[in-house]
Amino acid sequence: MANTNIRYLLLLLTFTVGHCYAENNDKQKINDLLDSIKQNFYINPLKGRAFVIELEKEALRQKDVYYQAIAKAKMVEYYYPQFDNDSIVDAAEAAEAFTRIHKEYRLMFVVQQTVIQRYANQGMFNLALSKARQMYSEAHELNDNLNMARATAALANTHKHMNQYDESATYLLESLELLRQTDGGATSTLTLENYQELAFMSLSLEKYEQTILYVDSMYICIDLRHKDKGSNDAESIFIAEYLLAQANIYLNRQEQAKKHIAKTEELYNEDYPLSFRLLIDQMYINYHMQQKEYQQAYIHNEQMLQLMRQYELLSDLPSVLTRKAELLTLLNRHSEAVQAYAEAITRQEENNRNEYKLQLNELRILYDLNHIEQQAREDRMQLQFTRRIVIAIAFVALLIVVLAIMVYRNSRRINFKNKRLVLRLQEQDILVKRNRQLEEQVKELQPMDEDLTKHSDRQLLEALQQLMDKNRQYTDNKLSRKDVQERLNISEKNLRMLILEHYGQTYSAYISYKRVRHARELLSDTNNTETVERIGYESGFGSRSTFYRQFREYYGLTPDEYRRHILNQEG
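Residues numbered from 1 in each chain as written. Predicted model: local features only at pLDDT ≥ 70, side-chain atom pairs only at ≥ 80, totals over all residues. Heavy atoms only, no water.

Considerations on the overall build of the protein chain
For the protein chain, the helix and strand inventory stands at 24 helices and zero strands. Looking at the protein chain as a whole, 40% of its 571 residues are labelled buried. Once local pairs closer than 6 in sequence are excluded, the contacts in the protein chain between residues at least 24 apart make up 60%. For the protein chain, the accessible area works out to roughly 32,800 Å², and carbon and sulfur atoms hold 52% of it. (Helix = DSSP H or I, 4+ residues; strand = E, 2+ residues; numbered from the N terminus. Buried < 20%, exposed > 50% of the residue type's maximum accessible area, 1.4 Å probe, protein only. Contact = heavy atoms within 4.5 Å. Areas by Shrake-Rupley, 256 points an atom, 1.4 Å probe, with all protein chains shown as cover.)

Right under this line is the structure:
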């Protein structure tokens, strides 16, 4: 009997130890995956994503809802910077539904905030504002000050992208006030981020003393977080020193600027996000420009361009290319400056087209949402029609008014966007004119004993320019590639290489651009009484549909809309 009891106790002890070991092993697996995600997520996103998938599988096996929710939220964060696809929408819907069902509200609001920032970065401002207000309302119902503060910060971020800095600052201060009413709000990450946003905004508005004051608030928050939570906040300290360096550079306080520049460089870590490396280059460019050390500024500008091209950060590329051209001009490298200006113009045109597509996509989404809402209202009215016919009629009337207002506002919004596009095109015309002046200067400075091959290329290029720019052969809609080859007396391959090397385009794209450019010049002439269709034909287009399609692709609006805005400006 005694032996039986002993065996039973030993068996129970073995089971208990085994269970504890298995439980500890499960926890260790989760912790290892979290560490792997932290180490790889930003420096190697694809590898980080693989660990996120493994985390979700392991959490599912362990039936751990919390870490499943973390994995789903991380997947939304993974898709956040990928602006060429909408995978974030599906990931966010899945994460939001999961966290809401399991009442993981903190993660749910983090997902919502990420999606709002994505919409704002894409220029889909109405969707971002609508989603932020919905987030605020839901947090208010839960009496959750922290996530009300998150929603308010998201509204601030959206208004910042809309260049509405006063509204953005107001929402940031409101977010800080909500955080003061929250337990631990003074030491929350969001408080630190809000002060950081205010500092960046002040720097953009050239309020440098105010920038320094907000950085002081950042340091106070960092100290409190270190004392209460043991937080490191190394990235925030890096950003604070960067902001102080920039403010002192612009205030021409050289000693303070040098001190903070050195500190910023010292704090930089290769594991930090790419944007931090770009901040350092930007800081050095501003410092060397202030000191008129243009060669050093040019070197850092080239480093920025290399990184932006490598990671396809296209939105800011035109401004960095323009600054490159300005630096090359200051360094008396005029030929290279011409090329930089030409690339800046091309990139800006591409960005304009992409922006127009995004705006059009937003309008379509808004239309679909309005249509869904309208259908839902109509369904509810149909159910109550027999008992509440008077109310239903009044509701329909109100709905019509609302829809009319929305249609009116959307039409005004489209008109405003078209106006912005026209102004940008006019700014590009100024850049093109400046580019041509620089080309003339380069021709005058060109040495006489240049390489014969380059001389031959230039002769061919001048012959092509004579044919296209002076004789305007592209206005002949029957002009073929073979015609151009015969007139220049070169092969098809040489013609293709000539256009590709000097204009970065195919032959078809080159001719199309010449034609739409010519058409825009004619449309810009307010004394021209020809019809739009006639102008398209005179510019070399064989059909109205081709003319309208290619004009919209290049400039983001139709020829009719462009002419209307030009006439309004003249008026």
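Overview of the packing of aromatic side chains
Inspection of every chain in the model, using the stated rule, returns 17 aromatic pairs. With 5.3 Å between their ring centres and 65 degrees between their planes, Y272 and F276 make a pair best called edge-to-face. A residue is classified by how much of its surface remains accessible, and F276, at 7% relative accessible area, is buried. A centroid spacing of 6.0 Å and a plane angle of 75 degrees characterise the contact between F547 and F551, whose relative ring orientation is edge-to-face. Taken as a pair, F547 and F551 lie in helix α23 (residues 544-555) at a separation of four residues, close to a single helical turn. Of the two residues examined, F547 and F551, each falls in the buried class. By way of ring pairs, the aromatic residues Y513, F541, F547, Y548, F551, Y554, Y555 and Y562 are connected into one cluster. (Phe/Tyr/Trp six-rings, centres within 6.5 Å; stacked < 30°, edge-to-face > 60°.)

With respect to helix α8 (residues 165-180)
For an α-helix, the turn length of 3.6 residues means that residues three or four places apart are oriented alike. Taking 1.5 Å per residue as the helical rise, α8 with its 16 residues ought to reach 22 Å, and the 23 Å between its terminal C-alpha atoms agrees with that figure. For α8, the full list of buried residues reads S168, L172, S175, L176, L178 and L179. Seen from one end, α8 has its buried residues packed into an arc of 160 degrees, which puts them on one side. The outward face of α8, more than 90 degrees from its buried face, is lined by the exposed residues D166 and R180. Packed against the buried residues of α8 are α6 (125-141), α7 (145-161) and α9 (189-204). (Expected span 1.5 Å × (residues − 1). Arc of directions from axis to C-beta.)

Structural notes on the confidence of the model for the protein chain
In this model, the protein chain carries an average pLDDT of 83, and 83% of its residues clear a pLDDT of 70 or more. The low-confidence segment residues 448-453 (pLDDT under 50) makes two contacts with residues lying over four places distant or belonging to another chain. (pLDDT = per-residue confidence, 0-100.)

Here's the deal with a nonpolar patch on the surface
Together, F385, I389 and I393 line one region of the surface with nonpolar side chains, adding up to about 270 Å² of accessible area. Mapped onto the elements, F385 comes out in the loop between α16 (334-384) and α17 (389-445). (Patch = residues over 30% accessible without salt bridge, like charges linked within 9 Å, V, L, I, M, F, W, Y side chains within 5 Å. Salt bridge = Lys/Arg side-chain N within 4 Å of Asp/Glu carboxyl O.)

Things to note about the side chain of H518
You can see H518 is positioned in helix α21 (residues 507-524). Apart from the residues lying within four places of it in its own chain, the contact partners of H518 are R472, Y474, T475, E538 and S539.

Quick word on the packing of helix α3 (residues 65-79) against helix α5 (residues 105-121)
Between two packed helices, what matters for the description is the angle formed by their axes and the separation of those axes. Axis separation between α3 and α5 bottoms out at 10 Å; the angle between their running directions is 5 degrees. Viewed along their axes, α3 and α5 adopt a mutual orientation that is roughly parallel. In contact with Y66, A69, I70, A73, V76, E77 and Y79 of α3, α5 contributes R106, L107, V111, T114, V115 and R118. Across the contact of α3 with α5, the residue classes tally to nine nonpolar, one polar and three charged. (Axes fitted to C-alpha atoms, helices over the stretch in contact; angles between N-to-C directions. Parallel < 35°, antiparallel > 145°, perpendicular 65-115°, else oblique. Nonpolar A, V, L, I, M, F, W, Y, C, P; charged D, E, K, R; others polar.)

Points about α7
With 17 residues, α7 ought to run about 24 Å at 1.5 Å a step, and its terminal C-alpha atoms sit 24 Å apart, in line with that. Along α7, 14 of the 17 residues are buried, which leaves the element largely enclosed by surrounding structure. Residue D144 occupies the N-cap position of α7, its side-chain oxygen lying 3.2 Å from the main-chain nitrogen of L146. N163 occupies a position one or two residues after α7 and carries a positive phi of about 60 degrees. (Polar contact = N/O pair within 3.5 Å; in protein donor to acceptor, adjacent residues only side chain to side chain.)

Examining unusual backbone geometry
One non-glycine residue, N332, lies in the positive phi region at around 60 degrees. Checked against the element boundaries, N332 lands in the loop between α15 (317-330) and α16. Using a relative accessible area of 59% as the deciding quantity, one classes N332 as exposed. If you check the backbone angles, R472 has positive phi at about 55 degrees while not being a glycine.

A word on the pattern of salt bridges
Side chains bearing opposite charge may pair, as long as their charged atoms lie close to each other. Counted under the stated rule, the structure contains 22 salt bridges. Between K131 and E96 there is a salt bridge, and its shortest N-O distance comes to 3.3 Å. With K131 in helix α6 and E96 in helix α4 (residues 87-101), the pair connects residues that are 35 residues apart, well separated along the chain. What makes K131 buried here is its relative accessible area of 18%. The class for E96 is buried, based on a relative accessible area of 10%. E197 is the partner of K160 in a salt bridge, and the nearest nitrogen-oxygen pair spans 3.0 Å. Of this pair, K160 sits in helix α7 while E197 is found in helix α9, placing the two residues 37 residues apart along the sequence. Judged by its relative accessible area of 24%, E197 is partly exposed. Ionic contacts of the salt-bridge type, sharing partners, join the residues E96, R100, K131 and E138 into one network.

Considerations on the environment of Y208
Along the chain, Y208 falls in helix α10 (residues 208-229). Y208 gets classed as buried once you look at its relative accessible area, which sits at 14%. For the pair Y208 and N248, spaced 40 residues apart in sequence, the C-alpha separation works out to 7.7 Å.

Considering the nonpolar core
Within the largest apolar cluster, 78 residues are counted, with the highest numbers of intra-cluster contacts made by L55, V76, F238, L243, I261 and M283. Among the elements that line this core, the one with the most residues is helix α11 (residues 234-250), at nine residues. Contacts of I261, omitting those with residues within four sequence positions, involve A245, I249, M283, Y284 and Y287. If you look at the next biggest cluster of nonpolar residues, it comprises 18 residues, including A519, F551, L557 and Y562. (Core = buried A, V, L, I, M, F, W, Y, C linked by side-chain atoms within 4.5 Å.)

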